[in-house]
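Listed here are the chains, written in short residue letters.
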Amino acid sequence: MGSALEFKDRRCRLSRVLCLLSAIALASFGSSDDPLMGFSPEAAKQQLATEEKFDSLIVQSDLPIWLKQFSAKPHHVGSPYGLKNAEYALSLFKQWGFDAEIERFYVLFPSPKERVLEMAGYRAKLQEPALKEDSTSRAPGGLQPYNAYSPDGDVTAKLVYVNYGMPKDYEVLESEGISVKGKIVISRYGGGWRGIKPKVAAEHGAIGCLIYSDPRDDGFYRGDVYPVGGYRNENGVQRGSIADMPLFPGDPLTPGEGASKEAKRLALKDAPTIAKIPTLPISYGDALPLLKTLRGPVAPDDWRGALPITYHIGPGDTDVHLKLKFNWQTVEARDVIAKVKGSELPDEWIIRGNHYDGWVLGAEDPLSGAVALMEEAKGIGGLLKTGWRPKRTMIYCLWDGEEPGLLGSTEWVETHAEELSKKAVAYLNTDSIGRGFFNVGGSHSLEKFVNQVERYVIDPETHLTIAERARAQKLVGASAADRKELRAKPDMPIGALGSGSDFSSFLQHIGIASFDMGFGGEGGGGVYHSTYDSYDWYTRFADPKLQYGFTTAQVGARIMTRLADADVLPFEFSNLAETIDKYAKELPKLVDTMRDETAEKNREILDGTLKATFDPLLPKAMPKIKDAVPTVDFTVLTKAVERLLSSAKKYSAVAGKAKASVALDEALMQTERSLLGSGLPRRPWYRHAIYAPGFYTGYGVKTLPAIREALEERNWSEATQQIPLVAATLDHLADAIEKATAIAARM
Ligand SMILES: [Zn+2]
């Protein structure tokens, strides 16, 4: 099978003109040397005809109409307008021929009751005023800026600036002899997921946490601010959850169990994912007077933002008062679930989802993705009316309560875990969509498949395939070594998934092969989780005609219908095995790097030559000597990966000739499930051995997390314990692939 890139290179040798033509030729998609994965040549023709029919049934102009309607009023979980949107979507799904219903859960959802932030002579505004230039950003009844699952609190203390508030920032503070104990920290957004900031601050003894959007990362330093440009203005605040989702997502009171009315609930005081210290997000307008009061050392270069002040670390000489109270109510989360029963294999499920709840008006996040899903479902409904039926069951889901903590999707997965484990083939997620490049992350057993789909969809602006455009963008940004690797591989590597949207429970809790995909990278950012994420903002700065939402529907439909109608499920394991091999080889390298760095640092401390991090005039705290890094034995892991590589090759050799059978589908579906272990240390909800959100990164992924995190935390005995466990899980995967190979070869 020739890749699109080889195809292009071949032509480019002829002449520049032909090279240009080849771009146009590529736009007319798949060639005969690119047979559709999982389809016989006859069935492939049928499938391509179905896709063409689908394209003729969808209409771009639907998307802005729905976007405007769905974003007209605040629609957070439990809100009246959220219910209206759910009921409207439900009626559309029914009209299109889906068997649809609203499934309800009862989740803990605190909302702000009292918010005070003040110091002598100053009181923070904590408001996002309506703009006369944008009538679509007026949001009576919307949630005021807050961080969901902050505890109530009333604290008065001096302020310390902690940069992004990530663990490595505290190493800098420590080396400067500055403690946050008994202080309120002020951190800027960025550098890692927001929920990590209060978590790490509390671990270091802080009693309160403020998080502000610095204009260097998110504001006027990036571009003109709203409403002149698309970037965050001085009043814009990023709301967001700070539940400890790296422990488990979903309703904080019902871990591992669906939040039905009758479910057993933890007492609020025992809920482990609620943040430990009162935390409030603020605008840079509100942060500036506070930052001005800071004294102490000048912040290092890479800690400085773009506000017109000299950034000091603190503490300040002024007491700051932070008082927060929340309504700790239980609200109804409503998932809209719409099914089309498979005509031949009703017990094999292909699942598609996007959330529809927003923090306020949520035009970009999440409605740009939700309306794309709706258009896709409308097209599927159109196909149904022509007499087409999917072989396998398709389920379209609009999730509620994603913003506070993936509530709707997690509770649904926990409720149906047993059935999903038996029946789910794959889950496809989208969230916010913008102009730009196609981006996808997920299970590497479907990497080849999704790469092929990308070669069949046209980018609306460049008229290249979305695969070509994504490849060009990745090549531009890549290092020389990565570029070489990218060029050598027929498939674009897809990213590993951490967290941050509704795929988490499917993939990491119950082992369903999953993707998260979208477009973006060319719009101006700047309204994320604020009131100004409005219809006007979206249609001026993100994707004026929602062309990329429309294209998302085309990609989604191809993935969904190919998975639903393939003769043999298009799983492929060479890319997966090679990716795991790459992850596994990173681990001994990590140990070597840690060993060298530790030895070097210890030597400098002993020699008294440790270089000042910054401000050499201030007295330093004496850094501690760290234990030397021991030898870690990875032999069993290496052996397991070798076996996996060879099992994967054997499946690839027979996959093309395999005949359709329920037994083969079953075996293929179970491959991702075989990657579930007994759970990560101290957070057993996360059971996937390859992918997890990092305990100290939040959304950011850790691959082979049980081993990698133990190493990073210098917990050598835990790393040594985890290596054989992960190796055993890889053996389970090899077993599962070998089982599928035996079935495929038999026919
Ligand atoms: Zn979202």
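Each residue is numbered by its place in its chain's sequence as written, counting from 1. Reporting of local features is limited, given that this is a predicted model, to residues whose pLDDT is at least 70; pairs of side-chain atoms are given and counted only at 80 or more, and all residues count toward the totals for whole chains, interfaces and linings. With hydrogens and water excluded, all non-hydrogen atoms of the structure serve as input to the side-chain values.

## Considerations on the overall build of the chain
- For the purposes of this entry, the term helix denotes a DSSP run of H or I that reaches at least four residues, the term strand denotes a run of E that reaches at least two, and both are numbered from the N terminus. Each helix and strand in the chain was counted, giving 23 helices and 17 strands.
- Relative to a compact globule of 747 residues, whose C-alpha radius of gyration would be 27 Å, the chain shows 26 Å and is just as compact.
- Over its C-alpha atoms, taken along the principal directions, the chain stretches across nearly 75 × 65 × 60 Å.
- Exposed residues in this analysis have more than 50% of their type's maximum accessible area, buried residues have under 20%, and partly exposed residues fall in between, with area computed by a 1.4 Å probe over protein chains only. Here the chain, with 747 residues, has 60% of them falling under the buried criterion.
- A 1.4 Å probe and the Shrake-Rupley method give the accessible areas. Residues count as covered only by the protein chains that appear here. With the model as given, the accessible surface of the chain reaches about 28,800 Å², and the carbon-plus-sulfur share is 55%.
- Residues counted as positive are Lys and Arg, residues counted as negative are Asp and Glu, and His and the chain ends are not counted. Every charge is mapped to an atom, namely NZ of Lys, CZ of Arg, CG of Asp or CD of Glu. The chain carries 90 positive and 98 negative side-chain charges, and their two centres are separated by 1 Å. The globule rule used for comparison is 2.2 Å times the number of residues to the exponent 0.38, while the radius of gyration itself is calculated over C-alpha atoms.

## Describing the coordination of the zinc ion
- For Na, K and Ca the donor cut-off is 3.2 Å, and for all other metals it is 2.8 Å, counting N, O and S atoms only; because water is absent from this set, sites may look incomplete. The coordination sphere of the zinc ion, as far as protein atoms go, consists of His355 (NE2), Asp365 (OD), Asp431 (OD) and Asp431 (OD), spread over 2.0 to 2.5 Å.
- Here the donor residues for the zinc ion map to a single chain with the spacing H-x9-D-x65-D. Placement of the pair is Asp365 in helix α9 (residues 363–385) and Asp431 in the loop between β13 (424–430) and β14 (436–442), with a sequence separation of 66 residues.
- According to the relative accessible area criterion, Asp365 is buried, its value standing at 7%.
- Looking at Asp431, the relative accessible area reads 12%, which means it is buried.

## Focus: helix α14 (residues 466–477)
- The span one expects for a helix is its residue count, reduced by one, times 1.5 Å. Look at α14: 17 Å from first C-alpha to last across twelve residues, which is about the 16 Å you get at 1.5 Å a residue.
- Taken residue by residue, α14 has Ile466, Ala467, Glu468, Arg469, Ala470, Arg471 and Leu475 as its buried positions.

## A look at helix α13 (residues 447–454)
- Among the eight residues of α13, eight are classified as buried, and the element is accordingly described as predominantly covered.
- Among the residues of α13, Glu447, Lys448, Phe449, Val450, Asn451, Gln452, Val453 and Glu454 are the ones counted as buried.

## Overview of the pairing of strand β7 (residues 208–212)
- Among the five residues in β7, five count as buried, and that is most of the element.
- In terms of strand pairing, β7 meets strand β9 (residues 279–282) through four bridges, oriented parallel. Bridge pairing in β9 links Ile211 to Pro281. A pair of strands is considered paired only if DSSP assigns at least 2 bridges between the two.

## A short note on the sheet that holds strand β5 (residues 159–161)
- As summarised here, the arrangement of the four strands in space is β5-β6-β7-β9, forming an open sheet in which the pairing is parallel. Only two strands of the sheet have a single partner each, and these edge strands are β5 and β9. Sheet twist, expressed as the mean angle between neighbouring strand axes with direction ignored, is 25°.
- The pairing of strand β6 (residues 184–188) with β7 spans five bridges and is parallel. Its bridge partner being in β7, Val185 is matched across the sheet by Cys209.
- Here helix α7 (residues 196–203) sits on the sheet and contacts β6, β7 and β9; the angle it forms with β7, its principal contact strand, is near 150°. Axis definition: a line fit to C-alpha positions, over the contact stretch in the case of helices; interaxial angles, taken between N-to-C directions, run 0 to 180 degrees. Two residues qualify as a contact provided that any one of their heavy atoms is within 4.5 Å of a heavy atom in the partner residue.

## Some remarks on the packing of helix α5 (residues 80–95) against α9
- Contact pair α5 / α9: the axes reach a minimum separation of 9 Å and the direction vectors enclose 25°. Considered as vectors, α5 and α9 are oriented roughly parallel to each other. Mapping the contact onto sequence places Ala89, Leu92, Phe93 and Gln95 in α5 and Leu373, Met374, Ala377 and Lys385 in α9.
- Considered class by class, the residues forming the contact of α5 with α9 number six nonpolar, one polar and one charged. Reported orientations rely on four angle classes, namely roughly parallel under 35 degrees, roughly antiparallel over 145, roughly perpendicular from 65 to 115, and oblique for the rest. Each residue is assigned to one of three groups, with Ala, Val, Leu, Ile, Met, Phe, Trp, Tyr, Cys and Pro labelled nonpolar, Asp, Glu, Lys and Arg labelled charged, and all others, Gly among them, labelled polar.

## Some details on the pattern of salt bridges
- By convention in these notes, a salt bridge is any Lys or Arg side-chain nitrogen within 4 Å of a carboxyl oxygen on Asp or Glu. Within this structure, the stated rule accounts for 40 salt bridges.
- Its salt-bridge partner being Glu376, residue Arg352 comes within 2.9 Å of it at the nearest N-O pair. Of the two residues, Arg352 sits in strand β11 (residues 345–355) while Glu376 sits in helix α9, which places them 24 residues apart along the sequence.
- A salt bridge links Glu712 to Lys702; its shortest N-O distance comes to 2.9 Å. Taken together, the residues span a long stretch of sequence, with Glu712 in helix α22 (residues 705–712) and Lys702 in strand β17 (residues 701–703) at a distance of ten residues.
- Take Glu712: its relative accessible area is 33%, and that puts it in the partly exposed class.
- Judged by its relative accessible area of 14%, Lys702 falls in the buried class.

## Let's talk about the domain arrangement of the chain
- Domains assigned within the chain are domain 1 (112–330) and domain 2 (574–746).
- An automatic or database domain assignment supplies the start and end points of every domain. For domain 1 versus domain 2, the separation of C-alpha centres amounts to 32 Å.
- With 24 residues of domain 1 at the contact, the number on the domain 2 side is 18 residues.
- In total, domain 1 and domain 2 occlude about 1,700 Å² of area from one another, counting both sides; carbon and sulfur atoms represent 60% of this.
- Under this definition, polar contacts are N or O atom pairs within 3.5 Å; protein pairs additionally need one hydrogen-donor-capable and one acceptor-capable atom, and for neighbouring residues in sequence, both atoms have to be side-chain atoms. Inspection of the region where domain 1 meets domain 2 yields six residue pairs in polar contact (both at pLDDT 80 or more).
- Elements represented by at least two residues in the side of domain 1 that touches domain 2 include exactly α6 (167–175) and α7. The term buried area means the drop in 1.4 Å probe accessible area that two parts suffer when joined, counted for both and summed.

## Notes on the environment of Phe220
- Among the secondary structure elements, Phe220 is positioned in the loop between β7 and β8 (240–241).
- Classification of Phe220 as partly exposed rests on a relative accessible area of 41%.
- Distance in space between the C-alpha atoms of Phe220 and Thr697 is 27 Å, their sequence separation being 477 residues.

## Quick notes on the side chain of Ser674
- Positionally, Ser674 belongs in the loop between α21 (662–673) and β16 (691–693).
- A polar contact of 2.5 Å, which involves the side chain of Ser674, links it to the backbone oxygen of Thr671.
- Residues in contact with Ser674, not counting those within four places in the same chain, are Thr729, His732, Leu733 and Ala736.

## Regarding the confidence of the model for the chain
- pLDDT runs from 0 to 100 and stands for how confident the predictor is about each residue. Counting all residues, the mean pLDDT for the chain is 93, and 94% of those residues have values of 70 or more.
- Segment residues 1–28 is flagged for pLDDT under 50; beyond a separation of four residues in sequence, or across chains, it makes 28 contacts in the model.

## Brief notes about the packing of helix α20 (residues 635–655) against helix α23 (residues 716–746)
- Contact geometry of α20 with α23 gives a least axis separation of 9 Å together with a crossing angle of 15°. Taken as axis vectors, α20 and α23 run roughly parallel relative to one another. Between α20 and α23 lies a crossing of left-handed hand.
- Along the lines of polarity and charge, the residues of the contact of α20 with α23 split into 19 nonpolar, two polar and five charged. Handedness of a crossing is defined here by the sense of rotation of the near helix relative to the far one, left-handed for an anticlockwise turn of less than a right angle and right-handed for a clockwise turn.

## Notes on the packing of aromatic side chains
- Ring pairs are drawn from Phe, Tyr and Trp, using the six-membered ring of Trp, whenever the two centres fall within 6.5 Å, and their geometry is named by plane angle: stacked under 30 degrees, edge-to-face over 60, tilted for the rest. Summed over all chains, the structure comprises 26 aromatic pairs.
- With centroids separated by 6.1 Å and ring planes inclined at 75°, the aromatic side chains of Phe326 and Trp328 adopt a geometry described as edge-to-face.
- Classification of Phe326 by relative accessible area gives buried; the value is 4%.
- On the basis of relative accessible area, Trp328 is assigned to the partly exposed category, the value being 24%.
- For the pair Phe695 and Tyr696, a centre-to-centre distance of 5.2 Å together with 90° between the ring planes defines the contact as edge-to-face.
- Look at Tyr696 and you get partly exposed, because its relative accessible area is 23%.
- Taken together through their ring pairs, the aromatic side chains of Trp66, Phe93, Trp96, Phe98 and Tyr396 make up a single cluster.

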